[in-house]
Amino acid sequence: MTTTVRKGQAPAKLGRDEFHLRFRRAFQDPGYEALDRELAAIEDVAWDAYQNGRKAPHTVKAGPGFHDPGYDLSVEWKEARDRLIGAERHQKNPDSRNRVLLINASARNDGTCPGEMSKSWRLTQMAKEVLINEGFEADVLDLSLLNSDYDRHIHPCKGCVSTAMPLCHWPCSCYPNHGERQVNDWMNEIYERWVLAHGVIIVTPVYWYQTPAVLKLMIDRLVCADGGNPDPSSTHGKKAEEAKQIERDGWDYPKHLAGRAFGLLVHGDVAGVEGTRRSLSDWLEWMGLINSGSFGQLDRYIGYYESYADSHETLDKDVAVQEETRNVARAVATAVREVRAGRVAVVSQPLKNPRPE
């Protein structure tokens, strides 16, 4: 079969005038007016980087162990990959302490426009307290920081896997892209926190029958954990033709996060909790994570069709959902212990998936 890469969708690069307008939008504060000459000089450098596509201005030779040892890898990607290798080694060490990653998926916190913490945050803290009392390390990942922290981003997935799975690198190599000013991406830190964990608990509200955008951004960027290519030199970066041929020759779709236990707590006030909980559970099981049992997944309405203004008070009174939240943490803690003791089968070898994709 001939490898064909379809082209024709992407627009032409920006002209100099449009680039100027976009670049300067970040400097509308009057305080920058005295620095116009300096900004112009910086803009010239940014324009040159954009025109010449300097995605990774700092590189290092891939070295031994890579398909092409002479290939120039991004220094930032190589450092992230080395941290993941160290994190995986620590996670697999039988002497390492049990660790659970708690993900608060609400977009709301009191440091930004809503001016109030989220119920998801409060539920996350209840689960954290249980885990600490169980002797676990509890690592809280608060995705609402995307909205309240200065220049923190999870940039969107670019869909490399839909061209060919080997084009999707583990960890993601799409970012940072300095030429496009797609920088300050949070995901390399998040990848490391997932790898270090023996269990994961996602606490999320429902927004319009779906997960909040902050959670979906992370989910999409975790596609590289399910079948991603740990060697960008094999595709010489983003060479689509090479990646397609590698996939056609046979790809094993490595599941980089398989074997970790998971729990879910999905809450809402009108509709959508069951569908959201099921979709998250399906996604995690697809990646090879292990269901922690009936107590490890919860979907509940807090203040069903009641006032948003009183929702925290409603949670205060709902002691049952508070205890159910604690049970999710207890279930995940139990599952982690069982998996690490070897009493739960993590993989289905020697079975072969006839549909590995």
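Details of the structure are given in the entry above.
Described below are features of the structure shown in this document. (Residues numbered from 1 in each chain as written. Predicted model: local features only at pLDDT ≥ 70, side-chain atom pairs only at ≥ 80, totals over all residues. Heavy atoms only, no water.)

Looking only at helices and strands, the protein chain has 11 helices and eight strands in total. Scaling as 2.2 N^0.38, a compact globule of 357 residues should have a C-alpha radius of gyration of about 21 Å, and the protein chain matches this with 23 Å. With the principal axes as the frame, the protein chain shows a C-alpha extent of 60 × 60 × 40 Å. Each of the 357 residues in the protein chain was classed as buried or not, and the buried ones make up 44%. Restricting to contacts in the protein chain with at least 6 residues of sequence separation, those with at least 24 account for 76%. On the protein chain, the mean spot of the 45 positive side-chain charges and the mean spot of the 51 negative ones are 4 Å from each other. (Helix = DSSP H or I, 4+ residues; strand = E, 2+ residues; numbered from the N terminus. Rg over C-alpha atoms; globule rule 2.2 N^0.38 Å. Buried < 20%, exposed > 50% of the residue type's maximum accessible area, 1.4 Å probe, protein only. Contact = heavy atoms within 4.5 Å. Lys, Arg positive; Asp, Glu negative; His and termini not counted. Charge placed at Lys NZ, Arg CZ, Asp CG, Glu CD.)

Working definition: an aromatic ring pair is given by the centre-to-centre distance plus the angle between the planes. Scanning the model with the defined rule gives 11 aromatic pairs in all. Judged by centre distance (6.1 Å) and plane angle (70 degrees), the rings of Trp194 and Trp283 are edge-to-face. In this pair, Trp194 sits in helix 6 (residues 187-196) while Trp283 sits in helix 9 (residues 273-286), placing the two residues 89 residues apart along the sequence. Accessibility assignment for this pair places Trp194 and Trp283 in one class, buried. Every member of this aromatic cluster is reached through a ring pair, and the members are Phe19, Phe23, Phe27, Tyr32, Trp47 and Tyr50. In this structure, Lys13 is placed above the aromatic ring of Tyr50, and the distance from its NZ or CZ to the ring centre is 4.0 Å. The ring centre of Trp186 lies 4.3 Å from the NZ or CZ of Arg152, which sits over that ring. (Phe/Tyr/Trp six-rings, centres within 6.5 Å; stacked < 30°, edge-to-face > 60°. Lys NZ or Arg CZ within 6 Å of the ring centre and 35° of its normal.)

Here we come to helix 2 (residues 36-51). Between the first and last C-alpha of helix 2 there are 22 Å, a value that for 16 residues agrees with the 22 Å anticipated at 1.5 Å per step. Where helix 2 is concerned, the buried positions are Leu39, Glu43, Trp47, Ala49 and Tyr50. Burial along helix 2 is one-sided: seen end-on, the buried residues are contained in an arc of 160 degrees. Of the exposed residues in helix 2, the ones pointing more than 90 degrees away from its buried face are Arg37 and Val45. Lining the buried residues of helix 2 we find helix 1 (16-24). (Expected span 1.5 Å × (residues − 1). Arc of directions from axis to C-beta.)

Let us look at unusual backbone geometry. Looking along the chain, the bond that leaves Trp170 and enters Pro171 is cis, with omega of -5 degrees. Looking at the element boundaries, Pro171 is found in the loop between helix 5 (145-148) and helix 6. Each neighbour pair has its own omega, and for Tyr175 with Pro176 the value is -5 degrees, a cis peptide bond. Structurally, the position occupied by Pro176 is in the loop between helix 5 and helix 6. Within the chain, Arg181 stands out as a residue other than glycine whose phi angle is a positive 55 degrees. Relative to the helices and strands, Arg181 is located in the loop between helix 5 and helix 6. Judged by its relative accessible area of 44%, Arg181 is partly exposed. Non-glycine residue His236 carries a positive phi angle of around 45 degrees. Looking at the element boundaries, His236 is found in the loop between helix 7 (213-221) and helix 8 (240-249). For His236, a relative accessible area of 25% corresponds to the partly exposed category.

This part is about a nonpolar patch on the surface. A cluster of nonpolar side chains, Tyr301, Tyr304 and Tyr305, forms an exposed patch at the surface whose accessible area comes to about 370 Å². As for its placement among the helices and strands, Tyr305 is situated in the loop between strand 8 (297-301) and helix 10 (311-317). Taking the relative accessible area as the measure of exposure, Tyr305 reaches 60% and is therefore exposed. (Patch = residues over 30% accessible without salt bridge, like charges linked within 9 Å, V, L, I, M, F, W, Y side chains within 5 Å. Areas by Shrake-Rupley, 256 points an atom, 1.4 Å probe, with all protein chains shown as cover. Salt bridge = Lys/Arg side-chain N within 4 Å of Asp/Glu carboxyl O.)

As a further point, take helix 7. Given 3.6 residues per helical turn, the α-helix brings residues three or four places apart onto the same face. When helix 7 is considered as a whole, its buried residues turn out to be Val214, Leu215, Met218, Ile219 and Arg221. Where the residues of helix 7 are buried, they touch strand 3 (99-104), strand 4 (137-142), helix 5, helix 6, strand 5 (199-205) and helix 9.

Leu143, Trp194 and Met218 are the most contacted members of the largest nonpolar core, which has 50 residues in total. Among the elements that take part in this core, helix 6 stands out by supplying six residues, more than any other. Those residues in contact with Leu143 that lie beyond four places of it in its chain are Ile103, Asn104, Ala105, Ser106, Ile154, Trp186, Ile190, Val214, Leu215 and Met218. One finds Leu123, Val130, Val321 and Ala335 within the second-largest nonpolar core, a separate group that totals 22 residues. (Core = buried A, V, L, I, M, F, W, Y, C linked by side-chain atoms within 4.5 Å.)

In terms of burial, strand 3 is a largely internal element, six of the six residues being buried. Every second residue of strand 3 is oriented toward a common face, with Arg99, Leu101 and Ile103 on one face and Val100, Leu102 and Asn104 on the other, all of them buried. Sheet analysis places strand 3 next to strand 4, joined by six bridges and oriented parallel. Residue pairing in the sheet places Ile103 in a bridge with Leu141 of strand 4. In this region the chain leaves strand 3, passes through helix 4 (residues 119-133) and returns to the parallel neighbour strand 4; the handedness of that crossover is right-handed. Bridging between strand 3 and strand 5 involves five bridges; their strand directions are parallel. Opposite Leu102, over in strand 5, you have Ile201 as the bridge partner. (Pairing = 2+ DSSP bridges. Right-handed = clockwise from strand over helix to strand, strands pointing away.)

No statement about biological role is implied by the geometric values presented.
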